[in-house]
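Overview (structure and organization)
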Amino acid sequence: MSEVGIERIGFATPGLYMDMKDLARRRGIDPDKYTVGIGQSEQSVAPSSQDAVTLAAAAAKDALEGESLEGLDMILLGTESAVDASRAAAVYVKELLGLPDAVRCVEVKQACYGATAALFWALDYVSRRKDRKVLVIGSDVARYGLNTPGEVTQGAGAVSMLVSYDPKILAIEDDSVFMTAEVADFWRPLYSNCALVNGRYSTQIYLEFFSKLWERYKQKTGKGAKDFEAFLFHLPFAKMGLKALKEVLKEADDATFARLSKRFETSAAYSRRVGNIYSGSLYLSLLSLLEGQAMEPGSRIALFSYGSGAEAELFSATLKEGYLSRLYPERHLKMIEGRKRVTVDEYEHLFSDFPTSSPQDYACDKKYFSGPFRLVGVKDQQRMYEADE
Ligand code: HMG
C-alpha cells in the first residue's frame, strides 16, 4: 500500500526566554494563574533579528541536515507573521539555505492552520511523485502586546517537516475531516504587528470546532478514543489542549483515559516552555510527543489543527518502524535548555524594538544576534538577512 507522510522534523526557537512567574509578578497576577490556569511555564522571546523567515530557515536547516536535497521540489511555509505583503517568506528561506533555483517557494496563510493546509498539499504532491519531496514549515512570532490578557500566551518558533512518499517517521492517513466558518475570534489588521483577539470567545470556538469534527470523524471512520495512542492539539497554551482532550476522555475506558492523559502531558512539554508558535504549534506537540516517549510502531495518533478566523482539521497518522532513529531529542532539548533567561524589563525593551512600518532604515541590535540566520535590518525598504559563514 502506498504511504505518504513525514520523513524528518526540524525545530527552531529564539535563544531567549522569559519565566512566566516573573511576568505574573510584574503584572500583579498570581503566578499559579499562568503556570496552572493557563499552563505555561516559559515563553521564547524573539529579538527583532529573529522573525518568521530566520526561524523557518533554522528549522529547515535542522530537518535537512545530512539529507540529500535531491528531489526537493517545493518549500511551503505557513505563517501569519508575514514580513512582506507580496513576497513569500519561503523565497528568503530558500536563499538563506543556499538551495538551487529549481524549487518552488510559496507562503500559505490561514492563521495557525496554514502549515496544515501546506502539509495536505504536499502529501497530494508526493503521492503522485514517488521520488520527490516537499519541505513544509510553520513559522511565527506570536505577539499580543504588553500587559494584555494574551501576553502570557505569546511565543516564537518554527517546525519544519520533510514530506515524502514512503516516509520514515509518520504515515499520514487519508481520513481528514475539516471545516471553515467566518468568526471574529482573532485577527491582525494590516497596520498592526500584534494580533487582536476576543480571548475567551476564541477558546469557545476552538472547543466547538473540535467537538464538531470529533463527532464527524467518528461517524466517518467508525473509530473512537480507544483506537488512539495519543491525541495531539494545536496548543495556543497547554490548558487549551487539555480542555479539548476532556471531550475525548468523557468516552474513554480507564486504560484509554490513563494513556491519553499521559501522552498529552508529554506532547505539551515543549509548548509549555516555548509558548504559542501559531502555525507550527500542532507540529511542536507532535515533536514533543515523539521525542519524549517511545511508542510502538503502528500506533495511531490523532492531530487537531485549529486556525482562528476560523478553520480546523482533524486527521490521524501512524508511527513507522524505526522512527526513533530519525529524531534528535537531545539536540532539541538543548535548544530549549540553552536559551538565555531575560528579565521582564529586557523582554519589554525587545518587544518594543520592532522594525517600523515607515520607509525609514532600521538596524537590529547586534547584541541579540544568535542562531544560524538573522535579520540585520531594513535598508531602502528591503529586509537584509545574513547566514553564518
Ligand atoms: P484571561 O481572561 O486572563 O484568563 O485570559 P481567565 O480568567 O479565563 O483564566 C484562565 C484560567 O486560569 C481559568 O481556568 C481560571 O480559572 C484559571 P479555566 O476556567 O479556563 O480552566 N485561574 C487560575 N488557576 C490557578 N490559580 C489561579 C488562577 N486564576 C485564574 N490563581 C485567555 C485567558 C486564554 C483568554 C487569554 O490568555 C487570551 O486571550 N489568549 C490569546 C487567545 C488564545 O490563545 N485563544 C485560544 C483559542 S484560539 C487559537 O488557538 C488560535 C490562535 O493560536 C491564533 C491563530 O489561530 O492564529 C490563538
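Please read these numbers as outputs of a predicted model, since none were measured by experiment.

**A look at the packing of helix 8 (residues 254-274) against helix 9 (residues 281-292)**
At a closest axis distance of 7 Å, the pairing of helix 8 and helix 9 adopts a crossing angle of 120°. Judged on the interaxial angle alone, helix 9 and helix 8 are oblique. Crossing angle aside, the handedness with which helix 8 passes helix 9 is right-handed. Along the contact surface, helix 8 presents Arg263, Thr266, Ser267, Ala268, Ala269, Tyr270, Ser271 and Val274, while helix 9 presents Leu284, Ser285, Leu287, Ser288, Leu289, Glu291 and Gly292. Tallied by class, the residues present in the contact of helix 8 with helix 9 amount to seven nonpolar, six polar and two charged.

**Comments concerning the site of the ligand**
Neighbouring the ligand are 29 residues, the closest being Lys33, Glu80, Cys112, Lys243 and Ser308. One of the backbone N or O atoms of Pro149 is found 2.8 Å from an oxygen atom in the ligand. With the chains in place, 76% of the 1100 Å² that the ligand exposes on its own is no longer accessible. Cavity membership is defined here by more than half of the atoms lying within 2 Å of grid points; on that basis the ligand lies in the second largest pocket. Counting residues per element, the ones that place at least two in the shell around the ligand are helix 2 (31-38), helix 6 (199-221), helix 7 (238-249) and strand 13 (300-307). Ranked by residue count, the leading element in the shell around the ligand is helix 6, at five residues. In terms of residue class, the shell around the ligand is built from 12 nonpolar, 10 polar and seven charged.

**Quick word on the environment of Ala317**
Take Ala317: it is sitting in strand 14 (residues 311-319). Residue class for Ala317 comes out buried when judged on its relative accessible area of 0%. Apart from residues lying up to four places away in sequence, Ala317 is in contact with Leu170, Ala171, Ile172, Glu173, Ser299, Arg300, Ile301 and Leu303.

**Section: the pairing of strand 13**
Strand 13 sits mainly inside the fold: eight of its eight residues count as buried. When strand 12 (residues 230-233) meets strand 13, the two strands line up parallel, connected through four bridges. Pairing of Phe233 across the sheet is with Phe304, part of strand 13. Examined bridge by bridge, strand 13 and strand 14 share eight bridges and lie antiparallel to one another. Bridge pairing in strand 14 links Ala302 to Ser316.

**Some details on unusual backbone geometry**
Of note, the amide linkage connecting Gly309 to Ala310 takes the cis form, showing an omega dihedral of 5°. Residue placement: Ala310 occurs in the loop between strand 13 and strand 14. Positive phi, normally seen in glycine, also occurs at Asn147, with a value near 60°. Summarising the element assignment, Asn147 is placed in the loop between strand 6 (133-142) and strand 7 (155-165). Although it is not a glycine, Tyr278 sits at a positive phi angle of roughly 50°. Within the secondary structure, Tyr278 sits in the loop between helix 8 and helix 9.

**Section: the side chain of Ser176**
Residue placement: Ser176 occurs in the loop between strand 8 (170-172) and strand 9 (177-180). The contact partners of Ser176, leaving out residues within four places of it in the chain, are Phe120, Lys220, Glu313, Leu314 and Phe315.

**Topic: helix 11 (residues 344-352)**
The complete set of buried residues in helix 11 reads Val344, Glu346, Tyr347, Leu350 and Phe351. Summarising the axial view, the buried residues of helix 11 lie within an arc of 155°, below the 170-degree limit, and thus occupy one face. Lining the buried residues of helix 11 we find strand 2 (16-19), helix 1 (20-27), strand 3 (42-44) and strand 15 (340-341).

**Description of the sheet that holds strand 16 (residues 362-363)**
Ordered in space as 16-17-18, the three strands form an open sheet in which the pairing is antiparallel. Both edges of this open sheet fall to strand 16 and strand 18 (382-387), since each of them pairs with a single strand only. Pairing geometry for strand 16 and strand 17 (residues 373-379), over two bridges, is antiparallel. Residue Ala363 lies in a different strand from strand 17, and its bridge partner there is Gly377.

**Focus: the nonpolar core**
Of all hydrophobic cores here, the largest spans 48 residues; its most connected members are Phe210, Phe231, Phe233 and Phe304. Counting residues per element, this core draws most heavily on helix 6, at seven residues. Three or more residues apiece are contributed to this core by two domains, here domain 1 (4-171 + 327-387) and domain 2 (172-320). Counting residues in each nonpolar core, the second largest holds 47 residues, with Val159, Tyr165, Val274 and Ile336 among its members.

**Details of the sheet that holds strand 3**
Read from one edge to the other, the open sheet built from three strands follows the order 3-2-15, with strand pairing classed as mixed. Each end of this open sheet is capped by a strand with a single partner; those strands are strand 3 and strand 15. The pairing of strand 2 with strand 3 spans three bridges and is classified as antiparallel. Bridged to Asp19 within strand 3 is Glu42. Together, strand 2, strand 3 and strand 15 form the strand contacts of helix 1, whose direction differs from that of strand 2 by roughly 55°.

Cut-offs and rules
Residues numbered from 1 in each chain as written. Predicted model: local features only at pLDDT ≥ 70, side-chain atom pairs only at ≥ 80, totals over all residues. Heavy atoms only, no water. Axes fitted to C-alpha atoms, helices over the stretch in contact; angles between N-to-C directions. Helix = DSSP H or I, 4+ residues; strand = E, 2+ residues; numbered from the N terminus. Parallel < 35°, antiparallel > 145°, perpendicular 65-115°, else oblique. Left-handed = near helix turned anticlockwise from the far one by under 90°. Contact = heavy atoms within 4.5 Å. Nonpolar A, V, L, I, M, F, W, Y, C, P; charged D, E, K, R; others polar. Near = heavy atom within 4 Å. Polar contact = N/O pair within 3.5 Å; in protein donor to acceptor, adjacent residues only side chain to side chain. Areas by Shrake-Rupley, 256 points an atom, 1.4 Å probe, with all protein chains shown as cover. 1 Å grid on protein atoms, 1.4 Å probe; cavity = no way out; pocket = protein on both sides within 12 Å on 5 of 7 lines; lining within 4 Å. Sits in = over half its atoms within 2 Å of the grid points. Buried < 20%, exposed > 50% of the residue type's maximum accessible area, 1.4 Å probe, protein only. Pairing = 2+ DSSP bridges. Arc of directions from axis to C-beta. Core = buried A, V, L, I, M, F, W, Y, C linked by side-chain atoms within 4.5 Å. Domains from an automatic or database assignment.

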